[in-house]
Amino acid sequence: VGAGLATGGAIMQALFRNPLAEPSLTGVGPGAVLGAVIVFVTGWGTTSVVALPLASIGSALLALLLVYGIATRGGVTPITTLLLAGIAVGAFLTAVSSLLISLNIVTWQVAQDIVFWMMGGLDSRTWAHVWISAPFVVTGLVAALLQSRTLDLLLLGEDTAAALGVDVEASKRLLVLTSAVLTGASVAVAGLVGFVGLVVPHAVRLVLGPGHRTLLPASAIAGATFLIACDLVARTVRPPAEIRLGVVTALCGAPLFLVLLLRNLREGAE
C-alpha cells in the first residue's frame, strides 16, 4: 500500500509538473470510496472478503474512465482539463458517497464500518487482501519503471517531449492508468490513507533529484517504510485501542510537508 501510493504520487507530480499533485487527482480515490460505500450499505461485504477490495478497484477505474472521457477531445487530453475534470468528478462522487452514508446513518454498525474504512487502516487485513492488491501494485510498479524516461522528458514540457520522440497522448493515458491502478489497489485494501502519495515522493525528490529511474523505486521503498512506521505508531501509542492509520499519516505527513515547503520557500528567497 505504501509503495503503491508513493509511486502513484510520483507519477502524478511528474505528469502535472507540480510537487503538490497527489494520486487521487483524477478521481480515483473518490471512485474507490464510492465503490466501498456501496458494498457497505448493500451488505455485499459480508458475502466475501474480496467483495470490498474488488468493488473499490473496479469503481476507481470506472471513475478514471469517466474523467478521461470528459477531458479528452479529438484524441487530445490537456493536462489542465484533466485536472479540472478530476476535481469535479471527484467532488461529485464524494457527494454521492456522503448521500449514501447519510441515508444509512441510522444503521450504526454500517456507519461505523464506513467511517473507520474512510479513515484508513490495516487492522483485520489478511493474506487475501495482500493477494488481491499485490498483482495490481507490482504491475503498476513495473509499468512505472518502464516509463521512467518518458516521465523525465515530460518534466521538460509536452512540446519538448514530443520533439524528442515521445507519443505524448499515449504516454499520458498509460501514466494516468498506471497511477490509477496503484492508487485504486492501495485504497481498496487500506481505505483512505492520506499524505503518503503527496509527501513521500516530494521528500525523496528533494534528496535524490528528479531523475525517475532512481526516484520511482526510492519512493516505493520510502512509502512502504513510512506507512509501516505510521502503522506501528497507530498500533502501539494507545493499546489496546488502535488509532486509525489515516489519522497518523496525516499527523506525521502534514508537518513534514510544511517543513519541506518552508525550506523550499527559504531557499527560493535566497
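Residues numbered from 1 in each chain as written. Predicted model: local features only at pLDDT ≥ 70, side-chain atom pairs only at ≥ 80, totals over all residues. Heavy atoms only, no water.

### Things to note about the overall build of the protein
Threshold: Only DSSP runs of H or I covering at least 4 residues are called helices, and only runs of E covering at least 2 are called strands; the numbering of each starts at the N terminus. Atoms counted for the radius of gyration: C-alpha only. Globule rule: 2.2 Å times residue count to the power 0.38. The Shrake-Rupley method, run with a 1.4 Å probe sphere, supplies the accessible areas, and residue values consider only the shown protein chains as cover. The sign given to each residue is positive for Lys and Arg and negative for Asp and Glu; His and the chain ends receive no count. Charge positions are represented by NZ for Lys, CZ for Arg, CG for Asp and CD for Glu.
On a plain count of helices and strands, the protein comes out with 12 helices and 0 strands. A globule of 270 residues ought to have a C-alpha radius of gyration of about 18 Å, and the protein, at 18 Å, matches this closely. Dimensions along the principal axes, computed over C-alpha positions, put the protein at roughly 55 × 45 × 35 Å. When the accessible surface of the protein is split by element, carbon and sulfur atoms take 72% of a total near 12,600 Å². For the protein, the distance from the average position of its 13 positive side-chain charges to the average position of its 12 negative side-chain charges is 1 Å.

### Remarks on the packing of helix 1 (residues 2-15) against helix 6 (residues 127-146)
Just so we agree on the cut-off: Note on geometry: axes are lines fitted to C-alpha atoms, helical ones only across the stretch in contact, with angles between N-to-C directions running from 0 to 180 degrees. Put simply, a crossing is left-handed when the front helix is turned counterclockwise from the back one by less than a right angle, and right-handed when it is turned clockwise. Note on definitions: a residue-residue contact is assigned when non-hydrogen atoms from the two residues lie within 4.5 Å.
Relative orientation of the contacting elements helix 1 and helix 6 amounts to 30 degrees, with a least axis distance of 10 Å. Of the two possible hands of crossing, helix 1 and helix 6 adopt the one that is left-handed. Where helix 1 abuts helix 6, its residues Ala3, Gly4, Thr7 and Ile11 lie against Val137, Leu141 and Ala144.

### Re the pattern of salt bridges
It is possible for side chains of opposite charge to pair when their charged atoms get near one another. The following threshold applies: Salt-bridge detection follows one rule: a side-chain nitrogen of Lys or Arg within 4 Å of a carboxyl oxygen of Asp or Glu.
Tallied over the full model, the rule gives 5 salt bridges. Across the pair lysine 172 and glutamate 158 runs a salt bridge, and its minimum N-O distance is 3.3 Å. One end of the pair, lysine 172, is in helix 9 (residues 168-190); the other, glutamate 158, is in helix 8 (residues 158-163), with 14 residues separating them in the sequence. Between glutamate 169 and lysine 172 there is a salt bridge, with its nearest N and O atoms 3.2 Å apart. With glutamate 169 and lysine 172 both in helix 9 and 3 residues apart, the pair spans about one turn of that helix. When salt bridges with common partners are traced through the structure, they connect Glu158, Glu169 and Lys172 into a single cluster.

### Some remarks on the packing of helix 6 against helix 9
This is how it is decided: Any angle that is under 35 degrees is reported as roughly parallel, and any over 145 degrees as roughly antiparallel; angles of 65 to 115 degrees are reported as roughly perpendicular and all others as oblique.
One can describe the packing of helix 6 onto helix 9 by two numbers: an axis separation of 9 Å at closest approach and a directional angle of 160 degrees. It follows that helix 6 is roughly antiparallel to helix 9 by the angle criterion. When the axes of helix 6 and helix 9 are compared, the crossing they make is left-handed. Mapping the contact onto sequence places His129, Ser133, Phe136, Val137, Gly140, Leu141, Ala143 and Ala144 in helix 6 and Thr178, Val181, Leu182, Ala185, Ser186 and Val189 in helix 9.

### Considerations on a nonpolar patch on the surface
The condition is simple: Patch building starts from residues that exceed 30% relative accessible area and form no salt bridge, then joins like charges within 9 Å and nonpolar side chains (Val, Leu, Ile, Met, Phe, Trp, Tyr) within 5 Å.
Together, Val115, Phe116, Met119, Val247 and Leu251 make up an exposed nonpolar region whose accessible area comes to about 400 Å². Among the elements of the structure, helix 5 (108-118) and helix 12 (245-269) are those that each provide at least two residues to the nonpolar patch. Structurally, leucine 251 can be placed in helix 12.

### Considering the state of the cysteines
Here is the rule we go by: Here, the term disulfide refers to a pair of cysteine sulfur atoms separated by no more than 2.5 Å.
All told, the structure shown has 0 disulfides when counted by the stated rule. Cysteine 252 supplies the cysteine sulfur nearest to cysteine 230, a cysteine that is in no disulfide, at a spacing of 4.3 Å.

### Overview of helix 6
Definition in use: Expected span of a helix, by definition, is 1.5 Å for each gap between consecutive residues, and there is one gap fewer than residues. Each residue is assigned a bend, namely the angle between axes fitted to the seven residues that terminate at it and the seven residues that start at it. In this scheme, a residue with accessible area under 20% of its type's maximum is buried, one over 50% is exposed, and one in between is partly exposed, where area comes from a 1.4 Å probe on protein chains only.
Counted at 1.5 Å a residue, the expected span for helix 6 with its 20 residues is 28 Å, and the 28 Å between its end C-alpha atoms agrees. Of all bends in helix 6, the biggest is about 35 degrees, found at serine 133, and the proline proline 135 comes one to four residues later. Listing the buried residues of helix 6 in full gives His129, Ile132, Ser133, Val137, Gly140 and Ala144. Contacts from the buried residues of helix 6 go to helix 1, helix 3 (51-71), helix 7 (148-154), helix 9 and helix 11 (212-236).

### Notes on the side chain of serine 97
Take serine 97: it is sitting in helix 4 (residues 79-103). Once you skip the residues sitting within four places of it in the chain, serine 97 turns out to touch Pro30, Val33, Leu34 and Val37.

### Some remarks on unusual backbone geometry
Cis geometry is found at the peptide bond from proline 239 to proline 240, where omega equals 0 degrees. Unusually for a residue other than glycine, arginine 17 sits at a positive phi of about 50 degrees. By secondary structure assignment, the location of arginine 17 is in the loop between helix 1 and helix 2 (28-42). Classification of arginine 17 as partly exposed rests on a relative accessible area of 45%. Backbone geometry places serine 124, a non-glycine residue, at a positive phi of 65 degrees. Topologically, serine 124 is positioned in the loop between helix 5 and helix 6.

All quantities given are derived from atomic positions and should not be read as evidence of function.
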